[in-house]
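Structural features, examined
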Amino acid sequence: MSVLVGPDTKLVIQGITGNTGSFHALGCIAYGTNVVAGCTPNRGGEVFKAKGPKDEDVNVPVFNTVKEAVEESGANTSCIFVPPPGAADAILEATAAGCDLVICITEGIPVMDMIKVRRALEGSKTTLLGPNCPGIITPGSCKIGIMPGHIHLPGKYGVISKSGTLTYEAVGQLTALGMGQSTCIGIGGDPVAGMDFIDALKLLNDDPDTEGVMMIGEIGGNAEEKAAEWIKANMKKPVAGFIAGTTAPPGKRMGHAGAIISGGKGTAADKIAALEAAGVKVAPTPADMGVTLQSML
Amino acid sequence: MNIHEYQGKQLFAKYGIPIPKGVPCFDASEAEGIAKKLMDETGSKVVVVKAQIHAGGRGLGGGVKVVTGGAAAAGKVAGEIMGMQLKTHQTGPEGQKVQRLYIEQGMDIKRELYLGMVVDRETRKIAIMASTEGGMEIEKVAAETPEKILTEFIDPTVGISAYQARNLAFALDVGKGTPEPKKTVKKFVALLGKLANLFEKEDCALCEINPLVISGNGDVIALDSKINFDGSAAYRHKEWAELRDSAEEDPIEAEAEAAGLNYVALDGNIGCMVNGAGLAMSTMDIIQHCGGSPANFLDVGGGADKEQVTKAFKMILSSDKVKGIFVNIFGGIMKCDVIAEGVVAATKDLGLQVPLVVRLEGTNVEKGKQILKDSGLKIETADGMGDGAKKIVAATS
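Residues numbered from 1 in each chain as written. Chains lettered and ligands numbered in written order. Predicted model: local features only at pLDDT ≥ 70, side-chain atom pairs only at ≥ 80, totals over all residues. Heavy atoms only, no water.

**Here's the deal with the sheet that holds strand β1 (residues 22–25) of chain B**
Residue and element names in this part refer to chain B. The sheet built from four strands is open, its strands ordered β1-β6-β2-β3 with antiparallel pairing. Where the open sheet ends on each side, the last strands, each with one partner, are β1 and β3 (64–67). Strand-to-strand twist of the sheet, defined as the mean angle between neighbouring strand axes without regard to direction, takes the value 20°. Bridging between strand β2 (residues 47–51) and β3 involves four bridges; their strand directions are antiparallel. When the sheet's bridge partners are listed, Val49 is paired in β3 with Lys65. This element, helix α3 (residues 71–81), spans β2, β3 and β6 (101–105) of the sheet and lies at about 10° to β2. (Pairing = 2+ DSSP bridges. Helix = DSSP H or I, 4+ residues; strand = E, 2+ residues; numbered from the N terminus. Axes fitted to C-alpha atoms, helices over the stretch in contact; angles between N-to-C directions. Contact = heavy atoms within 4.5 Å.)

**Re the environment of Glu169(A)**
With respect to the secondary-structure elements, Glu169(A) resides in helix α5 (residues 164–176). When the C-alpha atoms of Glu169(A) and Met289(A) are compared, they prove to be 8.6 Å apart, with 120 residues separating the residues in sequence. Excluding its chain neighbours within four sequence positions, the residues that come into contact with Glu169(A) are Pro286(A), Met289(A), Leu279(B), Phe330(B), Arg359(B) and Met385(B).

**Notes on the sheet that holds strand β5 (residues 77–80) of chain A**
Residue and element names in this part refer to chain A. Within the open sheet, the seven strands sit side by side as β3-β4-β2-β1-β5-β6-β7. Their pairing is mixed. With partners counted over all chains shown, the strands left at the sheet margins are β3 (47–51) and β7 (127–129), one partner each. Averaged over all adjacent pairs, the angle separating strand axes in this sheet is 25°, with direction ignored. Relative to strand β6 (residues 101–104), β5 runs parallel, the two being bridged by four bridges. Following the sheet pairing, Ile80 is matched in β6 by Cys104. Across the face of the sheet, helix α3 (residues 84–96) comes into contact with β1 (11–14), β5, β6 and β7 while running at roughly 165° to β6.

**Details of the domain arrangement of chain B**
When cut into domains, chain B gives domain 1 (1–20 + 108–248), domain 2 (22–106) and domain 3 (250–396). Between the C-alpha centres of domain 2 of chain B and domain 3 of chain B there is a distance of 44 Å. (Domains from an automatic or database assignment.)

**Overview of the nonpolar core**
Within the largest apolar cluster, 93 residues are counted, with the highest numbers of intra-cluster contacts made by Ile103(A), Ile185(A), Leu201(A), Met214(A), Ile231(A) and Met254(A). Sorting elements by how many residues they give to this core places helix α9 (residues 277–289) of chain B first, with seven residues. In this structure, Leu201(A) is in contact with Ile160(A), Val213(A), Met215(A), Ala227(A), Trp230(A), Ile231(A) and Met235(A), ignoring residues within four places of it in sequence. In this structure, Phe63(A), Met114(A), Leu115(B) and Trp240(B) belong to the second largest nonpolar core, which totals 68 residues. (Core = buried A, V, L, I, M, F, W, Y, C linked by side-chain atoms within 4.5 Å. Buried < 20%, exposed > 50% of the residue type's maximum accessible area, 1.4 Å probe, protein only.)

**Some points on the interface of chain A and chain B**
Facing 55 residues of chain A, the contacting portion of chain B comprises 46 residues. Summing both partners gives a buried area of about 4000 Å² for chain A against chain B, and 64% of it is carried by carbon and sulfur. Of all residues in chain A, Met112(A), Thr247(A) and Met254(A) give up the largest surface area on contact with chain B, accounting jointly for 16% of the area buried on that side. Taken together, chain A and chain B are joined by seven salt bridges. Here Lys252(A) makes a salt bridge to Glu253(B), at a shortest N to O gap of 3.1 Å. The interface formed by chain A and chain B contains 14 residue pairs in polar contact (both at pLDDT 80 or more). If you list the elements that add at least two residues to the side of chain A that touches chain B, you get α1 (19–31), α3, α4 (111–121), α5 and β13 (239–244) of chain A. Sort the elements by how many residues they give to the side of chain A that touches chain B and α4(A) lands first, with seven residues. When grouped by side-chain class, the residues that make up the side of chain A that touches chain B number 27 nonpolar, 16 polar and twelve charged. (Buried area = accessible area lost by both parts, 1.4 Å probe. Salt bridge = Lys/Arg side-chain N within 4 Å of Asp/Glu carboxyl O. Polar contact = N/O pair within 3.5 Å; in protein donor to acceptor, adjacent residues only side chain to side chain. Nonpolar A, V, L, I, M, F, W, Y, C, P; charged D, E, K, R; others polar.)

**Digging into unusual backbone geometry**
The amide bond that connects Gly130(A) to the next residue, Pro131(A), takes the cis arrangement and shows omega of 10°. The topology assignment puts Pro131(A) in the loop between β7 and β8 (135–138). A cis amide bond links Asn210(B) to the next residue, Pro211(B), at an omega of 10°. As for its placement among the helices and strands, Pro211(B) is situated in strand β10 (residues 204–215). Although it is not a glycine, Leu4(A) sits at a positive phi angle of roughly 65°. In this fold, Leu4(A) is placed in the segment before β1.

**Describing the packing of α3(A) against α4(A)**
Residues and elements named next belong to chain A. Contact pair α3 / α4: the axes reach a minimum separation of 10 Å and the direction vectors enclose 10°. Classified by the angle their axes make, α3 and α4 are roughly parallel. Residues Ala88, Ile91, Leu92 and Thr95 of α3 pack against Asp113, Met114, Val117, Ala120 and Leu121 of α4. (Parallel < 35°, antiparallel > 145°, perpendicular 65-115°, else oblique.)

**Topic: the packing of aromatic side chains**
Residue and element names in this part refer to chain B. In the structure shown here, the tally under the stated rule is four aromatic pairs over all chains. Ring geometry for Tyr6 against Phe26: centres 6.1 Å apart, planes inclined by 80°, an arrangement best described as edge-to-face. With Tyr6 in helix α1 (residues 5–14) and Phe26 in the loop between β1 and α2 (31–42), this pair connects stretches of sequence that are 20 residues apart. You can call Tyr6 buried: its relative accessible area is 5%. The rings of Tyr6, Phe26 and Tyr102 are connected pair by pair, giving a single aromatic cluster. (Phe/Tyr/Trp six-rings, centres within 6.5 Å; stacked < 30°, edge-to-face > 60°.)

**Description of helix α7 (residues 223–234) of chain A**
An α-helical segment advances 3.6 residues per turn. Residues three or four places apart therefore align on the same side. Residues and elements named next belong to chain A. With twelve residues, α7 should cover 16 Å at 1.5 Å per step; its first-to-last C-alpha distance of 16 Å lies within 8% of that length. Inspection of α7 places Glu224, Glu225, Ala227, Ala228, Trp230 and Ile231 among the buried residues, and these make up the whole buried set. Buried residues in α7 make contact with α6 (197–206), β12 (212–218), β13 and α8 (268–277). (Expected span 1.5 Å × (residues − 1).)

Below, the structure written as structure tokens:
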């Protein structure tokens, strides 16, 4: 079992003919993800050629619109590799076409665009993941995004993270300890985004085959503090945590648009204290993420 | 991206937000003439000479002076402020050199209010905050008397509604003591609509008017401006390039930005090169945990090419304070061989005088390790980031 993505996922990739989109589309298809369609305006009718996990040929039809892609291919999930100026529009297009889950990898979408997108998504059945995230993977079954598939191992532990490479670090440690993953969810590092920690924790809490969760946050905002409150009241499974940015100076943006301590708020110390008060065991260093979760079992 | 007060006020004027009459001044010898012209035009006998630096708290630091002694006195004050190392709570102990001034007409101030707009991450909306405590540091007001800050959230599909502006106007009692309170309320409501429009159209991340003043005759005027743009929207604001003041930026950080790298200078002596913001931050953290001190945050990003990696590594190599370097890579999109090639290319040009610890993991890791091995460089390899951090701290202490 898993959450959000798995064997039933039928994926359309928006921006499949671009440099980044095509590179990662090949990676997802090679992993075994069921990519049923691509979408690039004015490129409809083309075929995107790829190789599956057994080196078999996979031909993905490209459509002009997501609506058409969904109608023709039955896609239920979209992954977006569209550059920032068109990315908000791409999210709205996938939502209007009825995709259940939209995963936006694009980094650098203006905040004002995301504020409007979030408002437009209210009341819709679509779940948005990202933007500025590595994507989501259910190991052994479905990889959507830019993470290296080979470091993952199918298993029982969920991973939720704001950061891409730090997630790989955590997954690498878990795999080395023989602790496979149910689903790894990258929620992204933007100040205004889709799914947050609580949304992801709820799903993993309700997933019968997830037995523990690794939650990776960073400085900025108060999503980790909110998640801590929710964990204290609702979480039935062990949660280990890590917060990046203990040494980050205030007022400086640390790579991610949302990773900034402003007005004394959003410090790692506050987040770690909130998580610990909620029963989360916080790894003292990023090298101890895997063993920290292991120690709670 | 930050801009100066006078640039913010020029934007205010473009959107119809009332500001005092003022002129920017880049040469102190011109200040007297500017002040005289301002006095003639406005009939005001008072001018204010304001240092233009990006940091807040300029008044307390001695960078804002009210001059009542005429144009010649204004020229003298301008000469004192121009070129000074202005120290405020936001500049750090070394201060920031004043290279631009703004000379402004003096105002008849009845009340000072605070007005600010920010992106509220929790509600995912733009928040308007207002307070009667104008002129104070708003962080201080928020910490000590949070009940004095009033907030309205803007629905992005509708924009600000007049009732929201009225809520604030009446809660602040903006009409209090003015000749025609009704008119002052109307002026406040109109200003808020214009400010909200500016915030959205100009892709602001923060917009503050502190203080917003109510004048003796009941006008509502922006006496200060602090604007910060959302850098992600730069592609649709070509005009921002002209608003940029490179003298206000850390030269190395600006150089990194131009190369598509995320760089933040820190006080320590261990240079770090990492891919990904989260991993880069936690690399700093683990160095400190092991007893060392990072010299920088450097995220080469997910898709850097050999040139960018070379540039990044050269930036670390050319820093005097760097006594050791830790390269920590978990390649996903980033390929380890690209990192290795960049490191080798940079050291070929600049040499390698300090210990280098490299931890490579992920895509093309074997290729990357081979390139480093073949280079003949003196490199200590690490298994995992914990091992790497320990090794570089040991090598530099």
